[in-house]
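# Structural features, examined
The primary structure of each chain is shown beneath.
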Amino acid sequence: MMRIFKSILSGAAHLPLCILYGFADAVSVLLFHIVRYRRKVVDENLEICFPELDKAARRRIARSFYRNFADYVVETVKLLHISNEEMSRRMEFGNMEIIESLLDSGRDVTAYFAHCGNWEWVTSITLHSRHALTDTRYCQIYRPLNNRGFDALMLGIRSRFGTLSIPKSTAFRTLLRLRRSGIRTVTGFMSDQKASHGDPTLPLRFLGRTTSFITGTETLARKTGNAAVYLDMHKLGRGHYRLTVRLLSENVALEPAGSVTSRYAAMLEETIRRNPSIWLWSHRRWKWERQDANEQETAATHE
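Residues numbered from 1 in each chain as written. Predicted model: local features only at pLDDT ≥ 70, side-chain atom pairs only at ≥ 80, totals over all residues. Heavy atoms only, no water.

### Here's the deal with the environment of Met 267
Defined as follows: A run of H or I in DSSP becomes a helix once it reaches four residues, and a run of E becomes a strand once it reaches two; helices and strands are each numbered from the N terminus. Per-residue accessibility, obtained with a 1.4 Å probe over protein chains only, is compared with the maximum for each type, and a residue is labelled buried under 20%, exposed over 50%, and partly exposed between these values.
Within the fold, Met 267 resides in helix α10 (residues 259-274). On the basis of relative accessible area, Met 267 is assigned to the buried category, the value being 12%. In this structure, the C-alpha to C-alpha distance between Met 267 and Asp 232, residues 35 residues apart in sequence, is 7.8 Å.

### A word on a nonpolar patch on the surface
Short version of the rule: Here a patch means residues that are over 30% exposed by relative accessible area and free of salt bridges, tied together within 9 Å if like-charged and within 5 Å if nonpolar (Val, Leu, Ile, Met, Phe, Trp, Tyr). Here the open area of atoms and residues is found with the Shrake-Rupley method and a 1.4 Å probe, where only the protein chains shown may cover a residue. By salt bridge we mean one thing: a side-chain nitrogen of Lys or Arg within 4 Å of a carboxyl oxygen of Asp or Glu.
Taken together, the side chains of Leu 30, Ile 34, Val 35 and Tyr 37 make up a nonpolar region of the molecular surface, amounting to roughly 360 Å² of accessible area. Along the chain, Val 35 turns up in the loop between α2 (17-34) and α3 (39-49).

### Here's the deal with the layout of surface pockets
Remark: the empty space left among the atoms is shown by a probe the size of a water molecule rolled over them. In plain terms, the rule: Grid points spaced at 1 Å over the protein atoms alone were grouped into cavities, where a 1.4 Å probe fits but cannot get out, and pockets, open sets with protein on both sides within 12 Å along at least five of seven lines, with lining residues defined by an atom within 4 Å of a point. Grid points are joined across faces, edges and corners, and a volume is the space filled by probe spheres set on the points. Side-chain classes are defined by residue name, with Ala, Val, Leu, Ile, Met, Phe, Trp, Tyr, Cys and Pro counting as nonpolar, Asp, Glu, Lys and Arg as charged, and the others, Gly among them, as polar.
Roughly 1400 Å³ of internal volume is contained in the largest pocket. Taken together, 47 residues make up the lining of the largest pocket; nearest its centre are His 115, Arg 143, Leu 145, Arg 158 and Gln 193. Elements that contribute at least two residues to the lining of the largest pocket include exactly α1 (2-13), α4 (55-78), β3 (136-142), α7 (148-158), β5 (184-190) and α9 (216-224). Across the lining of the largest pocket, the residue classes tally to 25 nonpolar, 13 polar and nine charged.

Next comes the structure, spelled out in structure tokens:
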């Protein structure tokens, strides 16, 4: 069954994006109006994060989000068959000299990024870095999927431009091994996900609400003495993005604890407020905060 599924995706990936976007239009209508995929989560997140907007304005953001999400799906499928030249035309990178300078100085780089725009296309950064062809590996940390076949498919897509996918559980050991081998690394961490129970977090004010931010990215960067940057996503138009590198720290080990995470959260909020529809609003980002609040309310009623 997985083999058939891969064959269908491979066939679809040979189609031009202009045709795939026709499918995306249909999918977005299906998800928004008929299936109502996580509509309750999306509507609740937008209402709490943008209380200053009326219902009609939030609905427009939600509809745009579903269109962008459908675009993300077909664009990710397209990675199975897209030329380097077309990818370079569609994905621009600004301020790459920041990363190049840090690598020139012998510093490994931790790259914070988020579920904005098409995060799978970020791996094409290797097409824009002179170091990617010499002594540097561009890596990304990921959580393995439960379905082995789908996990293998996504790993293949994510390695399309030569990046190395590293499971979260082995990230520290793998990065140290690469360093000992004389290989510099630029490693991307998706740091806008909700923390798992037991993960160290830092509570910050984010989009108008208290939010637990994962601190593991900063902790690893501090242990390794990495520099840190934020990859700021802009959607220029359908199928066209620009990623702007923004410096967070030249050496995380010299920063006060939590400061880099705080800067990242502030920059991410700027990205989202600039264009709310490109963020992944269907993600249950505040799941634990809602549970904790409900537990506190329940305890208060029994006192």
